[in-house]
Amino acid sequence: MIRQSNKEQLKYSNNAFEILKGFSFPPLELSRTEKLEWQDIFFDSIITEYDARRLYWHIDAKNPDLTIELEDTLKPWLRDEIDHAYGFSLIYSAYTGLPLDEIALDVETRKSDFSSLDAFISDPFKLLILFAYDEIITTHVYHRSIKKYDYFKSPQLSTWIRKAKKDETKHFFLFIEKIKLMYSHRLPEAPSVLKHLFKLDFEKRDYTGTFVLDHNTIDYPISQTEIEKTIIPTIIKKLNTTT
Ligand SMILES: [Fe+2]
Ligand SMILES: [Fe+2]
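Structural notes, computed from the coordinates.

Reading the values: rules and limits
- Residues numbered from 1 in each chain as written.
- Chains lettered and ligands numbered in written order.
- Predicted model: local features only at pLDDT ≥ 70, side-chain atom pairs only at ≥ 80, totals over all residues.
- Helix = DSSP H or I, 4+ residues; strand = E, 2+ residues; numbered from the N terminus.
- Rg over C-alpha atoms; globule rule 2.2 N^0.38 Å.
- Buried ≥ 20, exposed ≤ 12 C-beta atoms within 10 Å, placed from the backbone.
- Expected span 1.5 Å × (residues − 1).
- Arc of directions from axis to C-beta.
- Contact = placed C-beta atoms within 7 Å.
- Axes fitted to C-alpha atoms, helices over the stretch in contact; angles between N-to-C directions.
- Parallel < 35°, antiparallel > 145°, perpendicular 65-115°, else oblique.
- Left-handed = near helix turned anticlockwise from the far one by under 90°.
- Nonpolar A, V, L, I, M, F, W, Y, C, P; charged D, E, K, R; others polar.
- Core = buried A, V, L, I, M, F, W, Y, C linked by C-beta atoms within 7 Å.

Counting its secondary structure elements, the chain contains 11 helices and zero strands. The secondary structure elements of the chain, listed N-terminal to C-terminal, are α-α-α-α-α-α-α-α-α-α-α. For a compact globule of 243 residues, the expected C-alpha radius of gyration is about 18 Å, and the chain comes in at 18 Å, within 12% of that figure. Each principal axis of the C-alpha atoms in the chain carries an extent, and together these give about 55 × 50 × 35 Å. Each of the 243 residues in the chain was classed as buried or not, and the buried ones make up 31%.

Take helix 10 (residues 190–203) next. The end-to-end C-alpha separation of helix 10 is 20 Å, in line with the 20 Å expected for 14 residues at 1.5 Å each. Of the residues making up helix 10, those classed as buried are Ala-190, Val-193, Leu-194, Leu-197 and Asp-201. Angularly, the buried residues of helix 10 cover 95° about the axis, an arc narrow enough to put them on a single face. More than 90 degrees from the buried face of helix 10, the exposed residues found are Ser-192, Lys-195, Lys-199 and Glu-203.

Time to look at helix 11 (residues 224–239). Compared with the 22 Å implied by 1.5 Å per residue over 16 residues, the 21 Å span of helix 11 between its first and last C-alpha is a close match. Within helix 11 the residues assigned to the buried category are Ile-227, Ile-232 and Ile-235. Buried-residue contacts for helix 11 involve helix 8 (124–150) and helix 10.

The subject of this paragraph is the environment of Phe-42. You can see Phe-42 is positioned in helix 3 (residues 32–62). Expressed as a C-alpha distance, the spacing of Phe-42 and Phe-88, which sit 46 residues apart in the sequence, is 6.3 Å. Apart from the residues lying within four places of it in its own chain, the contact partners of Phe-42 are Phe-88, Ile-91, Tyr-92 and Tyr-95.

Bringing the packing of helix 8 against helix 9 (residues 155–183) into the picture now. Between helix 8 and helix 9, whose axes approach to 8 Å, the crossing angle comes to 160°. For the element pair helix 8 / helix 9, the angle class is roughly antiparallel. By crossing handedness, the relation of helix 8 to helix 9 is classed as left-handed. Across the contact of helix 8 with helix 9, the residue classes tally to 17 nonpolar, seven polar and six charged.

In this structure, Leu-128, Ile-129, Leu-130, Ala-132, Tyr-133, Phe-175 and Leu-194 are the most contacted members of the largest nonpolar core, which totals 33 residues. Mapped onto this core, the elements with two or more residues apiece are helix 3, helix 5 (71–96), helix 8, helix 9, helix 10 and helix 11. Per-element accounting of this core gives the leading share, nine residues, to helix 8. Formed by 17 residues, the second largest nonpolar core is a distinct cluster that contains Ile-46, Phe-88, Tyr-142 and Trp-160.

Functional significance is not addressed by these values, which are geometric in nature.
Have a look at this one:
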């Protein structure tokens, strides 16, 4: 018999498999429009989380030394993102009644285009800033979603969205700390890199399966102004905070 150590038990007790075990939706009181909106939200959550692995594969193909150099940051990050994609797939499956393999087929047959990220993938400092930028925005999105998820009155869904938000916060600080550790000499460049990123993010008309830079949609819960005036200054502040 294989026994799990306490540490391993703790590590896996907080993942989608445990939180969403046997999950089903409580009876829903939603209009047809609301039903479709939630379907889109759950599906978009699967694909953006799923695309973390595509971004990882892309970085690894373009710059294999980098995935080795950043392994202690990228591996725990990717493990969580894989878990997020799985969790949202379980939720979407419970919501739509579709089996997981059908959902996976829709998710995996999409195409990705990483060409807009070339300048970031060739420069690890810029890449880490890109990750920090994306993770803090996702943290805000999930934070804002908590109330909406609580509306379902499902303890599992409420636990799930809080866990996802907590993970995204953890990722943001993981990347911030890595930047400070490896690139303290380049911190003065951070504002211009963020300015470039912000421009790119809102120039892109469509999401191209890149995990990052998916914030330019009309219904995105965080506004362009908020990203520019509040979120970017917070990133700069955290980068310049000595711990
Ligand atoms: Fe995530
Ligand atoms: Fe994340």
